[in-house]
Amino acid sequence: MSPGDGLILAAPHPAALDAAGRSARQGGNAVDAALAAAAALTVVYPHQCSLGGDLIALVHTPDGTVRAVLSVGAAARDVDVTALRAADRRMPAQGPQTVTVPGVVAGWAALTQAYGTPGALPAALRDAAGLAREGATVSAGLARAVRERAAQVAADPGLSALLTGPDGRPVGEGDPLPQPHLARVLDQLAEDPVSFYRGPVAQALAAGLRRLGSPLTAADLAAHEAESAEPLNVEVAGATWWAAPPPSQGAVLPALLRAAADAAGLPEPERTLLLAARSLDASAARDRLLGDPHGQSLDLAGLLDPAPLAGAAPPEPPIRPSGDTVAVTAVDSSGLAVSLIQSVYQTFGSGLCEPDTGIVLHNRGSAFSLEPGHPGVLRPGARPPHTLCPVIGRSGALLLAAGCQGGRAQPQILAQTLPRLADPAVDPAAVLGSPRWVTGVRDIGFEEPTLLAEPGSLPTPMDAPLLGLPVAVTAGPTDLAGHTQVVRLARDGRLDGASDPRADGGTVRHTPRTAPVGADHHTGTPPDPRP
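Right, let's walk through the structure included here. Note that the structure is predicted; figures quoted are calculated from it, not measured.

Quick look at helix α6 (residues 140-148) now. Restricting attention to buried positions, one finds in α6 the residues G141, L142, A143, A145 and V146. Those residues of α6 hidden inside the fold are in contact with α2 (30-44), α7 (150-155), α8 (157-163) and β5 (176-177).

Below, the structure written as C-alpha cells:
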C-alpha cells in the first residue's frame, strides 16, 4: 500500500488478526494480510485448516477484474476405485483413502505471485513458524474439538502427539500448543513454497502418507498446480456478485441470490418459504450435478438454475462435515479485495496427522461419489466436489468480500446475509448477528431433510412443517448457521467489516496516517481511526 491507504480484514481467530496487522504495518496489501492470517490459522486451528487442506479464493483487483484461485487437490493416480466400491456404497468418512493432494500451499503461492508484495509471504510463513515453535495458546474452539473428538485423537499417533500435553492429558483451553515439526516445515516453505510439492517437504510428506496407508505418492504431489479461473457472476438488484466455479458449490449461489431478490418484496412467511424452497432445489442440484469439470462436461446450466424438486426426494447426502472451514476476507483502499477460504473439511480432516511434518491431513476425498456415471464420481486424478464458496460483490456504492464456514449450507447462509450487506448504510455486525436458518440432513445432524432455525430466524413459530419439512429450533445461535466474515469498501473510501459473533474472531484495520492497527475481537467492529 502507498502512504495514506487503509486496509481492513476479518478473520475467526485473534492470532490471525495479529498476523494480518503485522503484514499491514510492513506495507502489505489486502492479499498479503490475508495470507498472513491464513498462515497463522494453520497453526492455531488444526481442527479446521492446515497445510494439509485445500484453498479456494476470489480476488478483485483495483481495475475491477475478478479471478478465482482454485487450489483443490486431486485423488491419487493409483487409487483403487474397485476396492472402495467393494467395501461400501459410499466413500469412507475419514482415514487414509479420503486424503487428496493438499492444495493450500500452492494456493498461497499463486495468490502472492499474482497479487502480493515481494517478500510478504515468506515473512508470513516465518511468523507462523515462530507461532508454531513457541506454542500458540489453545483456543476454546480447539479445546472443544479435542474433547468432542477424543477417541479420534487418541486413535491416531500423530494427532495424539500433537494434542496431548506433557502430563499425558488432552490439551485444554489456554494450554500451550508447541508444534516443532510444523515449525520446521513452515521455515522450509518460507525459503521455497514449491518444496511442499517438489522437494524435501514433499518427500517427507509422501513417505508419511505411504506409512499411513494412503495411495498418494510424490508424483501426485508434484503434479498439483493451483488453477486461475474465470469466476461465475450474476447481476442482482444493482449489484454484481462473483462466485467460484466448479468443483466449488459456488455454482449454485447465483440462483439463491436471485431468489433472495425475488423474495424481497414479499411478506413473511412467503419470503422465507421461497428462499428455503430454492435452497432445497440448489442443494439437490449440487448433489446430483457437481463434480470436476476437468475431463468431463458438467451441466452448469442445471447448477446455475436448479430445477424445482417438486416433491422428489433429494439425494442422500454424506455424513455431517462439522468444523470444516475458516474464511479470511480483506480489502484495501486501492480496491484490492480477497475472500480466501481454506479447510480440512471435517473436524481434524481425515483424522490423521503425519507425525514427521506435523501436518493434519484433510478428508476432501470423502465427498466423492462411488456411483458410476455421477459427475462427482471418484476417478484417478479427479478433484472432489467442494463446499468452499467465497464471494465478491460490487455495486456503485461499495465493494465487498465475504466468506463463511458452514459446509454444504454456505450458499444458503450467504443468500440470507449478502443482500443486506450490499447496503452501505447497514451495520455489517448487525447483519452477521441476526438469526439464520439452514436446511439439510446428515450435514446438520438429522436423519431426514430438516429446516434448522435459530430463535427469531423464522417469522412465526412453525407448528406445521415448512415445505413439508420438520422444523427444529435451536436454543440459541449455532455453529451450524455458519461463521461469516465480511469486509467492505464504500464509494467514499470508508472501510468497515465484521466477524461473525458465532466465531471467536474480529476485524483488524490498518490506517497508516493514524494509529496503525486496532481490533475488536468480540463484535467484529472496526476501531475508531481517529488519533
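Look at the link from P246 to P247: it is a cis peptide, with omega at 15 degrees. Within the fold, P247 resides in the loop between β8 (239-243) and α12 (253-263). Phi angles above zero are rare outside glycine, and A237 is one such case at about 50 degrees. As for its placement among the helices and strands, A237 is situated in the loop between β7 (232-236) and β8. Positive phi is not limited to glycine here, since Y345 has a value of about 75 degrees. Position of Y345 relative to the elements: it lies in the loop between β10 (337-343) and β11 (352-354).

Strand order across the open sheet formed by six strands is β7-β8-β13-β14-β18-β19, with antiparallel pairing between neighbours. Either end of the sheet is taken by a strand with one partner, and the two such strands are β7 and β19 (495-499). Strand-to-strand twist across the sheet, computed as the mean angle between neighbouring axes with direction ignored, equals 15 degrees. The sheet contact formed by β7 and β8 spans five bridges and is antiparallel.

Assignment of secondary structure puts R271 in helix α13 (residues 270-289). Residue classification places R271 among the partly exposed positions, given a relative accessible area of 32%. Sequence separation between R271 and L256 is 15 residues, and the spatial gap between their C-alpha atoms is 12 Å. When neighbours within four sequence positions are excluded, R271 is seen to be in contact with A263, A264 and L266.

Conventions used here
- Residues numbered from 1 in each chain as written.
- Predicted model: local features only at pLDDT ≥ 70, side-chain atom pairs only at ≥ 80, totals over all residues.
- Heavy atoms only, no water.
- Buried < 20%, exposed > 50% of the residue type's maximum accessible area, 1.4 Å probe, protein only.
- Helix = DSSP H or I, 4+ residues; strand = E, 2+ residues; numbered from the N terminus.
- Contact = heavy atoms within 4.5 Å.
- Pairing = 2+ DSSP bridges.
- Axes fitted to C-alpha atoms, helices over the stretch in contact; angles between N-to-C directions.

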